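Breakdown of the fold
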Amino acid sequence: MSGKRSAEPGPGRVGKKGKKAVMAEFSDAVTEEALKKQVAETWSRRTPFSHEAIVVDVNPFLHCVIPNFIQSQDFLEGLQKELLNLDFHEKYNDLYKFQQSDDLKKRREPHIAALRKVLFEDFRAWLSDISNIDLESTIDMSCAKYEYTDALLCHDDELEGRRIAFILYLVPPWDMSLGGTLDLYSVDEHFQPKQIVKSLIPSWNTLVFFEVSPVSFHQVSEVLSEEKLRLSISGWFHGPSLARPPSYCEPLIPRSPHIPQDHEILYEWINPTYLDMDYQIQIQEEFEERSEILLKEFLKPEKFANVCAALEKGDVEWSSRGPPNKRCYEKAEESKLPGVLKDCMDLLHSEALFLLLSNFTGLKLHFLAPSEEDEIEDGKEGEAASAAESTEEGTSHSSSELENNQATSSTTSQQSDGETDSEPEGNEAKKESSIPTCHGELRRWKTGHYTLIHDNSKPEFALDLLLYCGCEGWEPGYGGFTSYIAKGEDEELLTVNPENNSLALVYRDRETLKFVKYINHRSLEQKKTFPHRTGFWDFSFVYYE
């Protein structure tokens, strides 16, 4: 391959029993005193510098590239063989999908051991000198294999003691069309990642390293080649921890109580099966047992067809939702929605639906839905028998009850907005917190979209609602499913796959987190059947008691 140094004859020395010990040396050009001094000055001043042996750039954050890092090609080929013979484990969660070896710090394979020595002894000393960081001897390195559709999404690498990250590529000839680039992000005024401003293409025997900092946001873009393997060794050099700025907390998403709207909206929109009181009881029993349920063919066929037609027509104004270390998808501008889509949003905000969801789940999402305390009180009252007759299974209410209580409900809603002044302050706060609320959005999902679990995810009790549109033929292998996991664990508790006109309800507690899995390029297969479609849509709502 062009640009590579020729193999040095017999790099190594004779060890015990006459065996030749494998040794590695890194680029002697960067160790030349004059060049080393220039690189050190560049690092200190945070200015760009370019030389055939090393390139230093500061946009969007300080990073360096050393081509032809290891001098011997024979050594590299031996190293590659050893790496490919390792046991690899699939790494799979909200942030990534690839295969990784065990930690390489104790591996005894000769080429791996020699690389470890050159990196964490000779190169670490050089790196300490040019960065003026007292790097420790801690060894932190592993091997990663990225194959078709594998990716590592936006993150900053920050962890106690990590000071400089490195990646050594052992890839075949590579270009941008194959994906797998190391993408570097700019940041906004809150030190949140904003957009990709530079992409580094993997190249055989090239070492990339960068300073780990609050702004070192990067990703490995999805590998698009079905034939080529992206093999690399990566890790971190450790040193004294840096002071970090406080984590940025995003503004809370506003929540609102229900929209006063009577039961007629349910008969207009919802499959009559789900309005049958006996069937609601069955749904509630199943939901209370499993904390989740999928209600298929939820909307009336003609209503669902109208919603899909409006989405396909393209008259919706979409905006991107970020930042990319937390999410990447498109949200509809609710105030500018076409009529039928606005009506569907109103349905999901409506008082009638709050009560219906109470009947489905047993949650107190409406004042007519009894809580456990109410049921205890009912047992003590003389009127318990007649009360139990109308709510025998816990939360079922007829449409006439909802209609008859419209006036009461409207008054309650007004009071919840702070119009009462007779309650003591503490009681008013308690009353305010007990009012059922929700927030929701209409989302568009396409290739490259996802959401991530992040440190500011607020753990709380909530009911998630998802109503899917335009996902005929959608395969789980495309991504785009919503995954629920226990806090601190990788194992999935539940996966909700996109399914046309299906309403998913999931109740999560304070220990349950969720994410939407990255949608990979396999999703473009959908266009074979639906040429004008690039993904799917969902109405996503969260309800709070």
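I will try to describe carefully the structure that is included in this document. (Residues numbered from 1 in each chain as written. Predicted model: local features only at pLDDT ≥ 70, side-chain atom pairs only at ≥ 80, totals over all residues. Heavy atoms only, no water.)

All right, on to the state of the cysteines then. Per the counting criterion, the structure on display carries zero disulfides. Cys328 takes part in no disulfide bond, and the closest cysteine sulfur to it belongs to Cys154, at a distance of 9.8 Å. You can call Cys328 partly exposed: its relative accessible area is 26%. (Disulfide = S-S within 2.5 Å. Buried < 20%, exposed > 50% of the residue type's maximum accessible area, 1.4 Å probe, protein only.)

Now for the nonpolar core. Residues Leu83, Leu115, Phe123, Trp126 and Phe209 are the most contacted members of the largest nonpolar core, which totals 47 residues. Among the elements that line this core, the one with the most residues is helix 3 (residues 110–131), at ten residues. (Core = buried A, V, L, I, M, F, W, Y, C linked by side-chain atoms within 4.5 Å. Helix = DSSP H or I, 4+ residues; strand = E, 2+ residues; numbered from the N terminus.)

Turning our attention to the pairing of strand 26 (residues 535–544). The two faces of the sheet receive side chains in turn, since in a regular strand these alternate between them. Counting buried residues along strand 26, ten of its ten residues qualify, which places the element largely inside the surrounding structure. The sheet contact formed by strand 19 (residues 437–446) and strand 26 spans ten bridges and is antiparallel. Each residue of the ladder has a partner; that of Cys438, found in strand 26, is Tyr543. By the bridge criterion, seven bridges tie strand 21 (residues 462–469) to strand 26 in an arrangement that is antiparallel. When the sheet's bridge partners are listed, Asp464 is paired in strand 26 with Val542. (Pairing = 2+ DSSP bridges.)

Moving on to the pattern of salt bridges. Under the counting rule described, the total for this entry stands at 27 salt bridges. When the shortest N-O distance is used, the salt bridge between Lys36 and Asp129 registers 2.8 Å. With Lys36 in helix 1 (residues 33–45) and Asp129 in helix 3, the pair connects residues that are 93 residues apart, well separated along the chain. Assessed through its relative accessible area of 46%, Asp129 is described here as partly exposed. Here Arg290 ties to Glu292 by a salt bridge, and the two come within 2.6 Å at their closest N and O atoms. (Salt bridge = Lys/Arg side-chain N within 4 Å of Asp/Glu carboxyl O.)

One way to put it is that helix 6 (residues 301–313) packs onto helix 7 (residues 339–349) with a least axis distance of 8 Å and a crossing angle of 125 degrees. Here helix 6 lies oblique to helix 7, going by the angle between them. Between helix 6 and helix 7 lies a crossing of left-handed hand. Contacts between helix 6 and helix 7 pair Asn306, Val307, Ala310 and Leu311 from the former with Val340, Leu341 and Cys344 from the latter. For the contact of helix 6 with helix 7, the residue count by class is six nonpolar, one polar and no charged. (Axes fitted to C-alpha atoms, helices over the stretch in contact; angles between N-to-C directions. Parallel < 35°, antiparallel > 145°, perpendicular 65-115°, else oblique. Left-handed = near helix turned anticlockwise from the far one by under 90°. Contact = heavy atoms within 4.5 Å. Nonpolar A, V, L, I, M, F, W, Y, C, P; charged D, E, K, R; others polar.)

All right, on to a negative patch on the surface then. Taken together, the side chains of Glu489, Asp490, Glu491 and Glu492 present a region of like negative charge at the surface. Secondary-structure assignment places Glu489 in the loop between strand 22 (482–486) and strand 23 (492–496). You can call Glu489 partly exposed: its relative accessible area is 48%. (Patch = residues over 30% accessible without salt bridge, like charges linked within 9 Å, V, L, I, M, F, W, Y side chains within 5 Å. Areas by Shrake-Rupley, 256 points an atom, 1.4 Å probe, with all protein chains shown as cover. Lys, Arg positive; Asp, Glu negative; His and termini not counted. Charge placed at Lys NZ, Arg CZ, Asp CG, Glu CD.)

A separate point is the sheet that holds strand 22. Strand pairing in a sheet relies on backbone hydrogen bonds. The paired strands run either parallel or antiparallel. The strand order 23-22-25 describes an open sheet built from three strands, whose pairing is antiparallel. Two strands in the sheet have a free side with no partner beyond their single neighbour: strand 23 and strand 25 (512–516). Neighbour-to-neighbour, the strand axes of the sheet open up by a mean angle of 20 degrees, direction not taken into account. Alignment of strand 22 against strand 25, held across five bridges, turns out to be antiparallel. Across the sheet, Ile485 pairs through a bridge with Leu513, a residue of strand 25.

Turning next to the pairing of strand 8 (residues 141–146). For strand 8, the tally of buried residues reaches six of six residues, placing the bulk of the element in the interior. Residues Met141, Cys143 and Lys145 line one face of strand 8 and the alternating positions Ser142, Ala144 and Tyr146 line the opposite face, and both faces are buried. Pairing of strand 7 (residues 96–101) with strand 8, which is carried by two bridges, proceeds in the antiparallel orientation. Looking at the pairing, Gln100 lines up with Ala144 of strand 8. The pairing of strand 8 with strand 15 (residues 230–238) spans six bridges and is classified as antiparallel. Within the sheet, the bridge partner assigned to Met141 lies in strand 15 and is Gly235.

The next thing to look at is helix 1. When the terminal C-alpha atoms of helix 1 are compared, their 18 Å separation across 13 residues agrees well with the 18 Å that a helix rising 1.5 Å per residue should span. For helix 1, every residue scored as buried is listed here: Leu35, Lys36, Val39, Thr42 and Trp43. Relative to the axis of helix 1, the buried residues are bounded by an arc of 125 degrees and lie together on one face. Within helix 1, the exposed residues directed more than 90 degrees away from the buried face are Glu33, Ala34, Lys37, Ser44 and Arg45. Buried residues belonging to helix 1 abut strand 3 (49–51), strand 4 (54–57), strand 5 (63–66), helix 3, strand 10 (162–169) and strand 13 (206–211). (Expected span 1.5 Å × (residues − 1). Arc of directions from axis to C-beta.)

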